[in-house]
Every structure is written in C-alpha cells, then in structure tokens.
Amino acid sequence: MELQQIIAICIFLGVIIAIISEKIHRTVAALVGAVLLLLTHVLTVDGAMEFVDVNTVGVLVGMMLFVAVVKNSGLFEYIAIRAAKFTRGQPIATLIMFTIITTVLSAFLDNVTTVLLIGPMAIAITQILEINPVPFLITQAIASNLGGTATLIGDPPNIMIGSAAGLSFMDFVMNTGVVVLIVLVIYCLLFSVMYRKELVVKEENMQKVMKLDENLAIKDKGLLIKSVVMIVLVVVAFIFHDQLGVESATVALTAAGIMLLIGHQDAEEIVLGVEWSTILFFIGLFVVVGGLNSTGIISAAANWLLALIDNNLVVAMMLILWASAILSAFLDNIPFVAAMIPLIMTMGDSGMNIMPLWWALSLGACLGGNGSLIGASANVVLAGIGAKNGHPITFAKFLKVGFPLMLISIVISTIYLLVRFA
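Sequence order sets the numbering: in each chain, residues are counted from 1 along the sequence as written. Totals for whole chains, interfaces and linings use every residue, but because this is a predicted model, local features are given only for residues with pLDDT of at least 70 and side-chain atom pairs only at 80 or more, for both listing and counting. Each side-chain value is derived from all of the structure's non-hydrogen atoms; neither hydrogens nor water enter the calculation.

1. Brief notes about the overall build of the protein
Okay, step 1: Scanning the protein from N- to C-terminus turns up 21 helices and 0 strands.
Okay, step 2: The globule rule used for comparison is 2.2 Å times the number of residues to the exponent 0.38, while the radius of gyration itself is calculated over C-alpha atoms. By the compact-globule yardstick of 22 Å for 422 residues, the protein fits well, its C-alpha radius of gyration being 22 Å.
Okay, step 3: For the protein, the spread of C-alpha atoms along the principal axes amounts to about 70 × 45 × 45 Å.
Okay, step 4: Each of the 422 residues in the protein was classed as buried or not, and the buried ones make up 55%.
Okay, step 5: Expressed as a percentage of contacts within the protein between residues at least 6 apart in sequence, the contacts between residues at least 24 apart total 82%.
Okay, step 6: Both charge centroids of the protein, one from 18 positive and one from 25 negative side chains, sit 18 Å from each other. Every helix listed is a DSSP run of H or I at least four residues long, and every strand listed is a run of E at least two residues long, numbered separately from the N terminus. Buried, partly exposed and exposed residues are distinguished by accessible area as a fraction of the type maximum, computed with a 1.4 Å probe on protein chains only: under 20%, between the cut-offs, and over 50%, respectively. We call two residues in contact whenever any of their non-hydrogen atoms come within 4.5 Å of each other. A residue counts as positive if it is Lys or Arg and as negative if it is Asp or Glu; His and the chain ends are not included. A single reference atom marks each charge: NZ on Lys, CZ on Arg, CG on Asp, CD on Glu.

2. So, the pattern of salt bridges
Okay, step 1: The term salt bridge refers to a side-chain nitrogen of Lys or Arg lying within 4 Å of a carboxyl oxygen of Asp or Glu. Under the definition given, this model contains 3 salt bridges.
Okay, step 2: One salt bridge connects Glu77 with Lys219, and the closest N-O pair in it is separated by 3.6 Å. Here Glu77, found in helix α5 (residues 75-86), pairs with Lys219, found in the loop between α11 (203-210) and α12 (221-244); they are 142 residues apart in sequence, far enough to count as distant.
Okay, step 3: Classification of Glu77 by relative accessible area gives buried; the value is 19%.
Okay, step 4: Taking relative accessible area as the criterion, Lys219 reaches 56% and is therefore assigned exposed.
Okay, step 5: A salt bridge links Glu214 to Arg82; the nearest nitrogen and oxygen atoms lie 3.1 Å apart. A residue pair is termed long-range when its members are at least 10 positions apart, and Glu214 in the loop between α11 and α12 and Arg82 in helix α5 qualify at 132 residues.
Okay, step 6: The buried category is assigned to Glu214, whose relative accessible area is 8%.
Okay, step 7: Three or more residues joined by partner-sharing salt bridges are found here, namely Arg82, Lys85 and Glu214.

3. Some remarks on the environment of Ile341
Okay, step 1: By the element assignment, Ile341 lies in helix α18 (residues 333-348).
Okay, step 2: Setting aside its immediate chain neighbours within four residues, Ile341 contacts Met160, Ile161, Ala164, Trp358 and Leu361.

4. Some details on a nonpolar patch on the surface
Okay, step 1: There is a patch of nonpolar side chains on the surface, built from Ile24, Val28, Val32, Val35, Leu36 and Leu39 and spanning about 500 Å² of accessible area.
Okay, step 2: Take Val32: it is sitting in helix α2 (residues 26-39). The residues that make up patches have over 30% relative accessible area and no salt bridge, and they are joined within 9 Å when like-charged or within 5 Å when they are Val, Leu, Ile, Met, Phe, Trp or Tyr. Only the protein chains shown count as cover for residues, with accessible areas throughout obtained via the Shrake-Rupley method and a probe of 1.4 Å.

5. Overview of the packing of helix α9 (residues 156-165) against α18
Okay, step 1: Note on definitions: angles span 0 to 180 degrees between N-to-C directions of axes, and those axes are lines fitted to C-alpha atoms, for helices only across the stretch in contact. As a packed pair, α9 and α18 sit with axes 10 Å apart at the nearest point and diverge in direction by 15 degrees. Overall, the two elements α9 and α18 adopt an arrangement that is roughly parallel. The hand of the α9/α18 crossing is right-handed. Across the interface between the two elements, Pro156, Pro157, Met160, Ile161 and Ala164 from α9 touch Asn333, Ile334, Val337, Ala338, Ile341 and Met345 from α18.
Okay, step 2: Ten residues, namely Ala, Val, Leu, Ile, Met, Phe, Trp, Tyr, Cys and Pro, are considered nonpolar, four, namely Asp, Glu, Lys and Arg, are considered charged, and the remaining ones, Gly among them, are considered polar. Here the residues of the contact of α9 with α18 sort into 10 nonpolar, 1 polar and no charged. When describing relative orientation, an angle under 35 degrees is termed roughly parallel and one over 145 degrees roughly antiparallel, while 65 to 115 degrees is termed roughly perpendicular and anything else oblique. Put simply, a crossing is left-handed when the front helix is turned counterclockwise from the back one by less than a right angle, and right-handed when it is turned clockwise.

6. Regarding the packing of helix α4 (residues 54-70) against α9
Okay, step 1: Viewed as axis vectors pointing N to C, α4 and α9 meet at an angle of 140 degrees, and their least axial separation amounts to 9 Å. Here α4 lies oblique to α9, going by the angle between them. Note that α4 runs across α9; the crossing there is right-handed. Between α4 and α9, the contacting residues are Asn55, Thr56, Val59 and Leu60 on the first element and Pro156, Ile159, Met160 and Ser163 on the second.
Okay, step 2: Here the contact of α4 with α9 is composed, by residue class, of 5 nonpolar, 3 polar and no charged.

7. Re the nonpolar core
Okay, step 1: In these notes, a set of buried Ala, Val, Leu, Ile, Met, Phe, Trp, Tyr and Cys residues joined through side-chain atoms within 4.5 Å is what counts as a nonpolar core. Counting 150 residues, the largest nonpolar core has Met347, Leu357, Leu361 and Leu417 as its most contacted members.
Okay, step 2: Among all residues touching Leu361, those that are not within four sequence positions of it are Ile161, Ile320, Ser324, Phe336, Val337, Met340, Ile341 and Ile344.

8. Quick notes on helix α13 (residues 248-263)
Okay, step 1: With 16 residues, α13 extends 22 Å between its outermost C-alpha atoms, agreeing within 8% with the 22 Å of an ideal straight helix rising 1.5 Å per residue.
Okay, step 2: Restricting attention to buried positions, one finds in α13 the residues Ser248, Ala249, Val251, Ala252, Ala255, Ala256, Met259 and Gly263. Down the axis of α13, the buried side of the element spans an arc of 165 degrees, and every buried residue falls inside it.
Okay, step 3: Looking at the packing, one finds that the buried side of α13 touches α4 and α12.
Okay, step 4: Positive backbone phi, approximately 55 degrees, marks His264, located one or two places after α13. One less than the number of residues in a helix, times 1.5 Å, gives the span that helix is expected to have. Arc, as used here, means the arc of the directions from the helix axis to the C-beta atoms.

Everything listed here is a matter of geometry and, on its own, says nothing about what the molecule does.
Rendered as structure tokens:
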C-alpha cells in the first residue's frame, strides 16, 4: 500500500471517529480532513473540487432558502392546528394525523426543518390535551426519517444518490416511495395499538382544541398564498425535472430565487437561516471521500466486495441494505453513503447491474436512522425539544420503540427488493 493511500485512509477514519465521538463538531472534522488532504498533497485544490457534488449542494442550499421564506407565512402552524381540529382532539387520531403530516412534509423538506416546525406544535397540542408528549415526539422523529426516504429531495443521502446515479424525482417515488407508503400504513396501525392505553384524554380538553383559531397562526396572508402556489409549482417541477432536462439543483435554486424575490422578506435574515454548517460539512466530506477515490482505495474495496459476493445481485442487495441500516442506526449515514456511492459506481464498471443497489443503499441508510436516538439529526432535535419542555427522551426509551420499528421497515424493504429485482 502506497503512502498516499495510507494517509487518505487515516484521514477518512479520523474524520469518522471525530464525528461519532461528537468531541469535535462534524463540520469542523470534515473541513479539517479536507485541508489535511491538501496539505499532504494527496489532492490539489482543483482536484478536490472535482469531487464536490455541486448538484447535491445546490439542492440543499435552494431548499433551505425556500423553506426559510415559506415558514415566515405561518403555513406550517396553520396545518398543525387544522390537523388537531380535524381529529376533534382524539389523542390517537391526532398522533396518527401528525405522523402522516410529518411524513409528507419530510418528503419535500429537510427532516430537521420539518421537526423544528411541527415538534413545538405537537407540544402545544399535548399540553392542551394534558397528555404526555413523548409518544408524539418519538413518532414524529420516526415519521420524519420515513418521509425523507420517499423522494429525491427528502433526505441528504437520497440527494447524493440521485445526483451520482442520475436518478429522477419519480424514480425515487416509484421505488423508495412505494416502500414508505407500505411502512407508513403499518406504523400507523402499530402506533394506534402501542399508545391506546397511554393517551387518554378528558372530554373538556378535547373541546379546548376545537376552540383553537388556526387563522391566528397566519403571520402573512399574502406570503401564505404565494407559498402554497410555489410549493405546488416546485413539486411539479421536481416531478418533471428529468423530462424538462434540468437538474434538481436548478429547480431548488430557481424556487429559492423566486421566493426571495416575491416574498419581500429580510434577505439577510433568510440567508442566515440556511444551515451553512451542514453545507460546509458536505463539501468537506465530499473532499475526504475524494481522497479515497483518487488514491484507488474505493476501487480496491469494490473489487474485494465483488469477489466476496461473487457477482450475486441478491447477496449484494441484502448486504448493502442491512449493513446500511444497522450502521446508520448508530452512525451518521451521510459519511457512509458518501463512501458507498463511488464503491457502487466502481462495481458497475464491471458490468454488474447496480440499479437495485442504489435503492438498497437509500432504504437502508434512510430508514436505519430510526434505529436509535443518535441515528438521525431529527431524532436528536426532537429529544432536545422534549427536554426543553420537561419531557426528556432517553437513548433507551427511543431505542425500545425505534429499533424494532426500524427492523420491521428493513424486513419490508427486503421483501420489496427481492420481489422487484431478484
């Protein structure tokens, strides 16, 4: 093994360990790793930039800007109150409704953004109903990861996979979206059984919910109307972006530009609302994985994996699906996916049909986030919201619910992949 290969591996492992330990912020870890590759001459600046997936970065920035404008209209609070009133304050029905809303929103918005918008509303509703909000928070975390699996733009790993593999919005809807729909139905049934004894509400508290005025949640009616129209147009544009011959990043950035133009919001405030630490994390991570790619480590790993599976598509699918799910339950799925993408692409160079492997990677990495409290950022955010309101969610409490549900979703994914591609 050459010196540059050893350096690239050591830097990659160092970044992963730093991210797992949380001793160093993941953005700092990724950027330091990228800089070390430059200082050790494993990569040049121009060479490093070739490994940055501009389409993925563009989608993330565009959608973050878009949501930052839309949320100022009060649309999401309006939806949450309408949902609670629609169920007439019935606790189980309200929980299921919030699960469905979170799943749908997470299919089009960043998961963390979704739970930051819906989580506090769930707390408010449960306080009126005088019930424990923890079941709502846990199920919303699970729903956010589930919804993010369904579409090209729902979860960063999908954006990365779609960009690398040239997959369209509808490709995801017709593959991962089908699995998500099945899992959602099963989850809703399980939630209604799991929490039916815990969520008991007095009649007078349900009446308090019915007296809420959703119209008071609307901060800017003009912006609300513009937001609804733009959301519809953006969804249509994502669905047909492949046929239109434009990349998903073009759609996201165009939507952001239009909303900034017609929203008449404070531009500096909106720009500051973007999670720039996440964007820089992605850029640094792409460069760190690029170090493995440029030194031939990815190619060697792909050849080893091909020899292991003996060109057996079923074995490859199952290995990637289950390894992705188990690892993503306890590790950040983004570095894992970033490392797997070039590996799968190299496997494709050997003539193997790698299309099923993309879906196995997407399903495993995204659904695996439900396995534990640290499996996804949305889980941690909702746990923080719960703790802030006097209802902490421990690692063990989340694991008890999330891990079995994650396994159920992966079993369903296994059946789907075997029926669809075996």
